[in-house]
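Structure assessment
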Amino acid sequence: MKILKLMFKNAFRHKLRTTLTIVGIAIAVIAFSLLRTVVTVYNSGVDASAADRLITRHAVSFIFPLPYSYKDKIQQIEGVDIVTTANWFQGIYIDKDQFFARMAIDPETYFLVYPEFVLSKEELNNFKKERNSCVIGNEIAKQYNLKIGDIMTIDGDIYPGRWDFIVRGIYKPKDKTIDGTQMYFQYDYLNERLEKEAPMRANEIGWFVIKIKDPSRSADISEKVDKLFKNSSAETKTETERAFQQGFLSAVSAIITALNYLSFIIIGIILLVLANTMIMAARERTREYAVMKTLGFSAKHLVGLIMGESMVISILGGGLGLLLSFPVVDGFGQAIPKGMFPVFYIEPITIILAVTAALSIGIISSIFPLIKALNTKIVDGFRFVG
Amino acid sequence: MAAIIKVKDINKSYQRDNFVVPVLNNISLDVEEGEFIALMGPSGSGKTTLLNLIAGIDKPDKGSITVADINIAALSESELAKWRSHNVGFVFQFYNLIPVLTAFENVELPLLLTNLSKKERKEHVVAALTLVGLEDRMDHYPKQLSGGQEQRVAIARAIVTDPIIIVADEPTGDLDKKSADDILLLLERLNSEYKKTIIMVTHDPNAASKAHMQRHLDKGDLV
Ligand SMILES: Nc1ncnc2c1ncn2[C@@H]1O[C@H](COP(=O)(O)OP(=O)(O)OP(=O)(O)O)[C@@H](O)[C@H]1O
Ligand SMILES: [Mg+2]
């Protein structure tokens, strides 16, 4: 239809102004997508934590170890299904700025408690068989080009020395929200060497992970665990994995909340940018709208013309922004240390939000100029001098 | 011949800030079908206001305006819009063409409100542009045309729907003598050959002399 053509021509009447507005919207949409991605990725980390897993750690701090002997005692508690252990190993692998989680774990039970890390039976068996074997996430394998049978040499820091591991398994995350950047090796390998080199530190565990049979009993079982070690030299603190995650990230959480607000403030800014463009455009065309009304064009036509123009700009800006968001978010994911946000991708909800925002901004921005155009009497429109 | 336009006892005032400015006082005017009338008078005397009332883009405070047996003062805004699109052709001092549309598209604009097919619209537009002598400028944009040519496009736009009356508010006010004469000649032709009733507001005695009849407004009174 001809009106549609006029709408497009109007949108690009001031090419520079329209281009700047479109670019402005695109940049804002990119910023929005990036911020939303950080927020949703953070939240998905908390969501992914299972309700049937408890974490038992030292009551004073996460950095103090617990005696290995607690494992059997916890196992005795009624309602406990599996107990597994983990030690934070850290160390430096190739580049000290490239951070990813490296842990000593119990090969017999760990993958039973964490089924979201999918490992083939064969690879799991090979992992269990060899003392110095390790399992890595598929993303780490890809990033460092590691294959089964390769040697990973890690320079220990918490546990000093040179450590060699043979890759015997590569796990795949169950879905996109699961971290594919971890490295696990046998606790016994660590412990046997500690017994020789630093016997004081042997037989100690970073934390226990307890899989319980009934998630609704998490509070009750947590209490029982902690009671068991009350008044011992190493008291424990047990909580659900979710509470643990949230606590661990509570400092981050304030920033995340700020980012969340910021992402919506950005939407507000785009709104102002476009509304400003539209108000200027409609003001300049006061006479033309008066002409169209004189010729018999109705409110319906003006709504189509003005709102349509605003939508054209917002859709182009939003579309461009969304398209560019993918490489930008990807690049950002590459630039930040691995493991800080292990999974970093644009969630569908972010896309939906960005599209909805762009469309509503197109509509809202046109409302003020539209009301103005509709309410200006023809005779006043002709008398208008810009 | 019967009067096609009957303006009876109309009053019009405008609100400016806190006080009311009376513009037209009890004006009555009859225009016969096929008439070419010039409205003259000093600036601010209410010429444009009277023309706008007759053309149905504004309403009187009091009185009636009957055009071809329809009292347009009693129509609603949307009825009036529809009425205008069928019955009135508009020519303005500053042409008022849409700058992003070509001459062809500008003339086609009022036809978009009809249910003519694309082909029929094209025939009408070409005929109107040929009548004003711009058939070779159809694809030009307003800024590629001279003032006189722009005004001729505006006249083509005014006649393309075949209205019964044409209102022209100082159609030569912004033109040089030569272009102004072309426009006046065109209006005379529309009146004599196509039997259009024309009401033209003008300051220019030369322009007014082309009309059959001259009426003068002074401070809101017709004299
Ligand atoms: N829409 C309006 N709102 C307020 N005042 C108006 C409006 N239209 C006209 N007026 C006032 O009414 C008076 C008559 O205006 P009008 O435009 O009819 O005069 P005119 O005879 O056409 O003058 P000109 O020769 O300068 O065009 C003027 O004082 C003008 O300021
Ligand atoms: Mg005037």
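Fair warning: this is a prediction, and the values are worked out from it, not measured in the lab.

Secondary structure assignment for chain A yields 14 helices and 12 strands. By its C-alpha atoms, chain A is 95 × 45 × 30 Å across when sized along the principal axes. Looking at the 386 residues of chain A, the share that counts as buried comes to 50%. Contacts spanning at least 24 positions in sequence make up 79% of the contacts within chain A whose residues lie at least 6 apart. As displayed, chain A has an accessible area near 18,400 Å², and 63% of this comes from carbon and sulfur atoms. Side-chain charges in chain A split into 44 positive and 38 negative, and the spacing between the mean points of these groups amounts to 14 Å.

It is worth spelling out the sheet that holds strand S4 (residues 62–67) of chain B at this point. Residues and elements named next belong to chain B. Strand order in this open sheet of four strands is S2-S1-S4-S5, and the pairing throughout is antiparallel. With partners counted over all chains shown, the strands left at the sheet margins are strand S2 (19–32) and strand S5 (70–71), one partner each. Taken together, the 10 bridges between strand S1 (residues 3–16) and S2 define a ladder with antiparallel strand orientation. By the bridge assignment, Tyr-14 is partnered in S2 with Val-21.

Quick look at the pattern of salt bridges now. Within the structure shown, the criterion is met by 30 salt bridges over all chains. For the salt bridge of Lys-128 of chain A with Glu-108 of chain A, the shortest nitrogen-to-oxygen distance reads 3.8 Å. In this pair, Lys-128 of chain A is assigned in helix H5 (residues 121–129) and Glu-108 of chain A in the loop between strand S4 (102–105) and helix H4 (110–113), connecting sequence segments 20 residues apart. The class of Lys-128 of chain A is partly exposed, set by a relative accessible area of 26%. Salt-bridge contacts for Glu-193 of chain B lead to Arg-189 of chain B; the nearest nitrogen and oxygen are separated by 3.1 Å. On the basis of relative accessibility, which here comes to 32%, the residue Arg-189 of chain B falls in the partly exposed class. Through salt bridges with shared partners, a single network forms among Glu-78, Arg-217, Asp-220 and Lys-224 of chain A.

Below, the discussion takes up the interface of chain A and chain B. Across the boundary between the two partners, chain A contributes 21 residues, which contact 24 residues of chain B. Together chain A and chain B conceal approximately 2,000 Å² of surface at their shared face, both sides included; 68% is due to carbon and sulfur atoms. Joining chain A to chain B, the criterion identifies two salt bridges. A salt bridge links Glu-105 of chain B to Lys-9 of chain A, with the nearest nitrogen and oxygen atoms 3.2 Å apart. Here chain A is connected to chain B by seven residue pairs in polar contact (both at pLDDT 80 or more). Classifying every residue of the side of chain A that touches chain B by side-chain character gives nine nonpolar, four polar and eight charged.

When a strand is regular, its side chains alternate between the sheet's two faces. Residues and elements named next belong to chain B. Summarising the sheet, strand S3 (residues 36–40) and strand S9 (residues 213–218) pair through four bridges and their orientation is parallel. Bridging from a neighbouring strand, Leu-39 pairs with Arg-215 of S9. Pairing between S9 and strand S10 (residues 221–222): two bridges, direction antiparallel. Pairing of Asp-218 across the sheet is with Asp-221, part of S10. In this antiparallel pair of consecutive strands, S9 and S10, the connection spans two residues, and Lys-219 shows a positive phi of 50 degrees.

For the rest of this paragraph, the subject is the sheet that holds strand S7 (residues 165–169) of chain B. Residues and elements named next belong to chain B. Spatial ordering of the open sheet is given by S6-S7-S8-S3-S9-S10, a layout of six strands whose pairing is mixed. Edge positions in the open sheet fall to strand S6 (88–91) and S10, since each of these has one partner strand only. Judged from the five bridges that link them, S7 and strand S8 (residues 197–201) form a sheet pairing that is parallel. When the bridges of S8 are listed, Ala-168 appears paired with Met-200. On top of the sheet, helix H2 (residues 77–87) reaches S6 and S7; it is set at about 80 degrees to S6, its chief contact.

Within the structure, ligand 1 sits among 16 residues, and Arg-16, Ser-43, Lys-47, Thr-48 and Thr-49 of chain B are positioned closest to it. Of the chains in the model, those with residues near ligand 1 are chains A and B. Interatomic distance of 2.9 Å between a side-chain N/O atom of Asp-380 of chain A and a nitrogen atom of ligand 1. Contact between ligand 1 and Ser-43 of chain B: an oxygen atom at 2.5 Å from a side-chain N or O atom of the residue. Burial of ligand 1 by the protein amounts to 79% of the accessible area it has alone, namely 630 Å². A per-class count over the shell around ligand 1 returns four nonpolar, seven polar and five charged.

Below, the discussion takes up helix H6 (residues 177–192) of chain B. All names here are of chain B. Its 16 residues place the ends of H6 22 Å apart at the C-alpha level, agreeing with the 22 Å of an ideal helix rising 1.5 Å per residue. Where H6 is buried, its residues contact S3, helix H4 (118–131), helix H5 (147–159), S7, S8 and helix H7 (205–209). The opening residue of H6 is Asp-176, an N-cap whose side-chain oxygen sits 3.1 Å from the backbone nitrogen of Lys-178.

Moving on: the domain arrangement of chain A. By domain assignment, chain A separates into domain 1 (2–43 + 252–383) and domain 2 (49–248). Computed over C-alpha atoms only, the centres of domain 1 of chain A and domain 2 of chain A are separated by 48 Å.

Let us now look at the packing of H5 of chain B against H6 of chain B. Residues and elements named next belong to chain B. It is at 9 Å that the axes of H5 and H6 come closest, and there the two elements cross at 15 degrees. With respect to their mutual orientation, H5 and H6 come out roughly parallel. Two packed elements cross with a definite hand, and for H5 against H6 that hand is right-handed. The segment H5 lies against H6, with Gly-148, Gln-151, Arg-152, Ile-155 and Ile-159 engaging Ser-179, Ile-183, Leu-186, Leu-187 and Leu-190. In terms of residue class, the contact of H5 with H6 is made up of six nonpolar, three polar and one charged.

On to the packing of aromatic side chains, then. Residues and elements named next belong to chain A. In total, this model carries 27 aromatic pairs over all chains according to the counting rule given. Taken together, a centroid distance of 3.7 Å and an interplanar angle of 10 degrees make the contact between Tyr-70 and Phe-229 stacked. Pair noted here: Tyr-70 is in helix H3 (residues 70–76) and Phe-229 is in the loop between helix H8 (218–228) and strand S12 (236–240), with a separation of 159 residues, a long-range link. With a relative accessible area of 5%, Tyr-70 lands in the buried category.

The next point concerns the nonpolar core. Within the largest apolar cluster, 83 residues are counted, with the highest numbers of intra-cluster contacts made by Met-292 of chain A together with Ile-5, Ile-10, Leu-24, Leu-29, Leu-50 and Ile-54 of chain B. With 11 residues, the single largest contributor to this core is helix H2 (residues 15–48) of chain A. Excluding residues that lie within four positions of it along the chain, Leu-24 of chain B makes contacts with Ile-10, Asn-11, Lys-12, Ser-45, Gly-46, Thr-49, Leu-50, Leu-53, Leu-217 and Gly-220 of chain B. Core analysis: the second largest hydrophobic core is formed by 39 residues, Met-152, Ile-170, Tyr-187 and Tyr-189 of chain A among them.

Reading guide: rules and limits
- Residues numbered from 1 in each chain as written.
- Chains lettered and ligands numbered in written order.
- Predicted model: local features only at pLDDT ≥ 70, side-chain atom pairs only at ≥ 80, totals over all residues.
- Heavy atoms only, no water.
- Helix = DSSP H or I, 4+ residues; strand = E, 2+ residues; numbered from the N terminus.
- Buried < 20%, exposed > 50% of the residue type's maximum accessible area, 1.4 Å probe, protein only.
- Contact = heavy atoms within 4.5 Å.
- Areas by Shrake-Rupley, 256 points an atom, 1.4 Å probe, with all protein chains shown as cover.
- Lys, Arg positive; Asp, Glu negative; His and termini not counted.
- Charge placed at Lys NZ, Arg CZ, Asp CG, Glu CD.
- Pairing = 2+ DSSP bridges.
- Salt bridge = Lys/Arg side-chain N within 4 Å of Asp/Glu carboxyl O.
- Buried area = accessible area lost by both parts, 1.4 Å probe.
- Polar contact = N/O pair within 3.5 Å; in protein donor to acceptor, adjacent residues only side chain to side chain.
- Nonpolar A, V, L, I, M, F, W, Y, C, P; charged D, E, K, R; others polar.
- Axes fitted to C-alpha atoms, helices over the stretch in contact; angles between N-to-C directions.
- Near = heavy atom within 4 Å.
- Expected span 1.5 Å × (residues − 1).
- Domains from an automatic or database assignment.
- Parallel < 35°, antiparallel > 145°, perpendicular 65-115°, else oblique.
- Left-handed = near helix turned anticlockwise from the far one by under 90°.
- Phe/Tyr/Trp six-rings, centres within 6.5 Å; stacked < 30°, edge-to-face > 60°.
- Core = buried A, V, L, I, M, F, W, Y, C linked by side-chain atoms within 4.5 Å.

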